[in-house]
Amino acid sequence: MAEFFKTSTTWVVDFRYEGRPRRWFKAFGPGIDVAAAMTAELQALHGGKATLEAVRPATDDEERQYLRGEVPGNAYCPTGR
């Protein structure tokens, strides 16, 4: 698993769930179409309730926040935790 993070990039995923803004941090390996992957994941998890707004590489501060395990302020966890 550590090898994956050496070659991965942390992405900020902004989307809307039932019209409300949400944000996830996700790590992806090289060569992945992040927008397509996240569109498919949101569709699989939430159907028509979620729409992808934007994906972008995380800033250094955001990546450190992700690595420390800090959740974005408007995160949504499908498990309810």
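Residue numbers restart at each chain and count upward from 1, following the sequence in its written direction. Local features in this predicted model are restricted to residues whose pLDDT is 70 or higher, and side-chain atom pairs enter the listing and the counts only when it is 80 or higher, whereas totals over whole chains, interfaces and linings include all residues. The side-chain values count all of the structure's non-hydrogen atoms but skip hydrogen atoms and water molecules.

Break down the sheet that holds strand 2 (residues 20-28) for me, with residues and values.
By this definition, two strands are paired if DSSP reports at least two bridges between them. We count a stretch as a helix when DSSP gives it H or I for four or more residues in a row; a strand needs E for two or more, and each element gets its number in order from the N terminus. Here we have three strands laid out as an open sheet, ordered 2-1-3, and antiparallel in their pairing. Here the strands that pair on one side only, and so sit at the sheet edges, are strand 2 and strand 3 (50-57). Strand-to-strand, the axes of this sheet are offset by a mean angle of 25 degrees, without reference to chain direction. Sheet analysis places strand 1 (residues 9-17) next to strand 2, joined by nine bridges and oriented antiparallel. Across the sheet, the residue bridging to Val-13 is Trp-24, located in strand 2. Contacts are assigned to residue pairs with any non-hydrogen atoms lying within 4.5 Å of each other. To obtain each axis, a line is fitted to C-alpha atoms, and for helices this fit is confined to the stretch in contact; angles are then taken between N-to-C directions over 0 to 180 degrees. Helix 3 (residues 60-67) rests against strand 1, strand 2 and strand 3 of the sheet, and its axis sits at about 80 degrees to strand 2.

Break down the pattern of salt bridges for me, with residues and values.
It is possible for side chains bearing opposite charge to pair when their charged atoms get close. For this analysis, a salt bridge means a side-chain nitrogen from Lys or Arg found within 4 Å of a carboxyl oxygen belonging to Asp or Glu. This structure, assessed with the given rule, holds eight salt bridges. Ionic pairing is found between Arg-23 and Glu-62, a salt bridge with its closest N-O pair at 4.0 Å. Here Arg-23 is found in strand 2, whereas its partner Glu-62 is found in helix 3, with 39 residues between them in sequence. Here Arg-56 and Glu-62 are joined by a salt bridge, their closest N and O atoms 2.8 Å apart. Residue classification places Arg-56 among the partly exposed positions, given a relative accessible area of 29%. Throughout this description, buried means an accessible area under 20% of the type-specific maximum (1.4 Å probe, protein chains only), exposed means over 50%, and partly exposed covers the range between. The exposure class assigned to Glu-62 is buried, which follows from its relative accessible area of 13%. Because the salt bridges share partners, they merge into one network encompassing Asp-14, Arg-23, Arg-56 and Glu-62.

So what's going on with the side chain of Ser-8? Residues and values would help.
Looking at where Ser-8 falls in the secondary structure, it is placed in the loop between helix 1 (2-7) and strand 1. Overall, Ser-8 belongs to the buried group, its relative accessible area being 14%. With residues up to four places along the chain from it excluded, the contact list for Ser-8 reads Ala-27, Phe-28 and Gly-29.

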